[in-house]
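# Structural characterization, general
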2 protein chains.
Amino acid sequence: MNLKTLALELGLSPTTVSRALNGYPEVSEATRRRVREAAEAANYHPNTQAKRLATGRAMAIGHIIPISDRHEIVNPVFADFIAGAGEVYARAGYDMVMTIVPDDSEARAYAELRSKGNVDGVLIHAPKVEDHRIAMLDTLGMPYVLHGRVSGSDSAFSWVDVNNKRAFERATNFLLDLGHRRIALINGIGEMDFARRRRRGYEAALKARDMAIDPALIVEGEMTEAQGHDAAREMLRWPDPPTAFLTASLLSAMGARRGIEEAGLVMGRDVSIVTHDDELGYLKNGTAEEPIFTATRSSVREAGRRCAALLIEQIESGDRSPRHELMEAVLVVGQSTGPVPTQ
Amino acid sequence: MNLKTLALELGLSPTTVSRALNGYPEVSEATRRRVREAAEAANYHPNTQAKRLATGRAMAIGHIIPISDRHEIVNPVFADFIAGAGEVYARAGYDMVMTIVPDDSEARAYAELRSKGNVDGVLIHAPKVEDHRIAMLDTLGMPYVLHGRVSGSDSAFSWVDVNNKRAFERATNFLLDLGHRRIALINGIGEMDFARRRRRGYEAALKARDMAIDPALIVEGEMTEAQGHDAAREMLRWPDPPTAFLTASLLSAMGARRGIEEAGLVMGRDVSIVTHDDELGYLKNGTAEEPIFTATRSSVREAGRRCAALLIEQIESGDRSPRHELMEAVLVVGQSTGPVPTQ
DNA sequence: ATGAAAGCGCTAACAG
DNA sequence: CTGTTAGCGCTTTCAT
């Protein structure tokens, strides 16, 4: 069933049918209803490709996932973000087009995306401290929104981000208030912008109390269980071991927990852990015997929604003035086991 | 830059240029080279929408992600699977179109996909024991491939799956060989087909040794840390507690581990854990003091590749005869801490 | 080996 | 308010 035959059946011109279906005002309500009903009955849906060609709009948003080794897509955050964005796309009639590209041909991927014209804009994941994608997209003139920020860029772009710095500053202060003086930071990969900001938060809290920053207490790398384990194992052998671990991921925290046990120490008596949790889980804060979450999966999903909404607005309005949304991480203390608190 | 202007620049007709670029045999090699070079120089890429409209092929594969509550997309497996499939799509020139739909309007989503014609086929994730999507797709006549199987369907479809039954049978036998007689199974959601098969494997191993199956030792639900914890906590209070836990996910295993410790028991002395690990991590098998993995992320990615390849072949050849690929899970014993063994 | 012309299904000026 | 006429950029008969 296509426009032409539907129009024929109705004894109308394709134009009128198109106008009726697309809500143009110059169609009589009677006709519109008649057309709508016929379309419904015939289960008519306009052919996407034809529509796209005619309007010049792809009605699709691109997500380019560089797949160098394995990080990024691995991230549980990714799935939730996608879910949030996808919700918005579906409502607005956009397709979500995901492209997996080997790290090194990323530039080509973006260029092709534009010249092949199959997306109207792109959403950028996991920006680095210095991120060349920004310059590329500026050159291509393609609308984009970042999930996260780029510290090292002065390009004016739109972004949605969690206040990572503040979250880690608060978590660090929490531990300092409990009396901890040697606090280890088990962080994500250093060149990732979010990791940089988290570190800045940790450092800011220490500086505010005139405490020295010991680089040895800071570990940066992929946030795996093994990372947390190895770091804890190692540090707890030192003559002046940390009394607390602040970790950037639940997996790392679980690893640290294992490392602590292997060292024959007791969580909550000898050592504490506080974690930033993007995942679903539970971890005891050794001091309070209660879990702490600093961000939840539901807020990541919300970030996805906001990014998508921002991008769509930018595309549809043509207004490219940069807009920002900074979300505060939720800091929860005193939840007992159970589902993650939703905000 | 489009076909017309490129042709004009070359002093050729659009037809010839199109033929040259698309590898039609009736073009002289000299012309073809000239055209190729000009296209390269001009950074010409045919407009996707136009091509699609003209050929009637969307050059896109759909992935529909139902987002009822939260499971499925949560799954770390999902990301790796997508990565694998995406690789293949990219090479074959297909787009990956992901649609997030609320659980209840899934049927409509599929129907629209077809009538809007923006995908040539779909890939089905996380099938249930009885899955109505199969019937829907058969009705629509759209090519599809399943990642997983559907026990309750006699529809003849193509699938790629891991041998979940065998994996769990082997893991159970491993524990039985170590002398365990009360083995708890912490499984995924019962209506998921993969969970059903895992359970069957566990049961088969017990039956083969004429052992009774105690339903109380089987827990099915979302594979979270809390699930493992709560199950272990509960069971270890019984007069005849399990001496081993077989879990379907690393998170559940970590939870069980916590439950064991809270009960004042010692991993590897009092209780053992073996886990099926789709994720990245490390877990001690309490008996051997070594980790065990029954599947790895790299094999999930491989499954993604195979699914995609199968679907593309089906689409391009028009041959819809069902094809199957059953992958054996890797069972690894004796790895020390470190990266996940890749196959 | 190359080109002219028609058409994929839709939208959008431009009439009336 | 409705219809006619051109395209959107490409592929694909059908000629030559």
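Residues numbered from 1 in each chain as written. Chains lettered and ligands numbered in written order. Predicted model: local features only at pLDDT ≥ 70, side-chain atom pairs only at ≥ 80, totals over all residues. Heavy atoms only, no water.

As recorded in an unreviewed UniProt entry, chain A goes by the name LacI family transcriptional regulator, listed as coming from Thioclava sediminum.

## A look at the protein's contact with DNA strand C
Every one of the 26 residues lining DNA strand C counts as a neighbour, but L3, S18, Y24 and Y44 of chain A together with R19 of chain B are closest to it. A share of 60% is what sugar and phosphate atoms reach among the atoms of DNA strand C within 4 Å of the protein. Side-chain polar atom of T15 of chain A to a base nitrogen of DNA strand C: 2.9 Å apart, as the coordinates give it. For the surface near DNA strand C, the secondary structure elements donating two or more residues are helix 2 (14-21) and helix 4 (48-55) of chain A together with helix 2 (14-21) and helix 4 (48-55) of chain B. It is helix 4 of chain A that contributes the most residues to the surface near DNA strand C, 4 residues altogether. (Near = heavy atom within 4 Å. Polar contact = N/O pair within 3.5 Å; in protein donor to acceptor, adjacent residues only side chain to side chain. Helix = DSSP H or I, 4+ residues; strand = E, 2+ residues; numbered from the N terminus.)

## Some details on helix 1 (residues 3-10) of chain A
Residues and elements named next belong to chain A. For helix 1, the complete set of buried residues consists of L6, A7 and L10. Down the axis, helix 1 shows its buried residues gathered within 100° of arc, on one side only. Along helix 1, exposed side chains directed more than 90 degrees from the buried face belong to K4, L8 and E9. Where helix 1 is buried, its residues touch helix 2 and helix 3 (29-41). G11, located one to two residues past helix 1, shows a positive phi value of around 70°. (Buried < 20%, exposed > 50% of the residue type's maximum accessible area, 1.4 Å probe, protein only. Arc of directions from axis to C-beta. Contact = heavy atoms within 4.5 Å.)

## A short note on the sheet that holds strand 6 (residues 183-187) of chain A
Residues and elements named next belong to chain A. In spatial order, the strands read 7-6-8-9; together these 4 strands make up an open sheet with parallel pairing. Because the sheet does not close on itself, it has two edges, and the strands there are strand 7 (218-220) and strand 9 (272-275). Recorded for the sheet is a direction-independent mean angle of 15° between the axes of neighbouring strands. For strand 6 and strand 8 (residues 244-247), the ladder comprises 4 bridges, and the chain directions are parallel. Residue I186 lies in a different strand from strand 8, and its bridge partner there is T247. (Pairing = 2+ DSSP bridges. Axes fitted to C-alpha atoms, helices over the stretch in contact; angles between N-to-C directions.)

## So, the protein's contact with DNA strand D
Residues in contact with DNA strand D amount to 26 residues; listed here are only the nearest, T15 and R19 of chain A together with L3, S18 and Y24 of chain B. Backbone atoms, meaning sugar plus phosphate, form 56% of the atoms of DNA strand D positioned within 4 Å of the protein. A distance of 3.0 Å separates a base oxygen of DNA strand D from a polar atom in the side chain of T15 of chain A. Looking at the surface near DNA strand D, the elements that each hand over two or more residues are helix 2 and helix 4 of chain A together with helix 2 and helix 4 of chain B. For the surface near DNA strand D, the leading source of residues is helix 4 of chain B, giving 4 residues.

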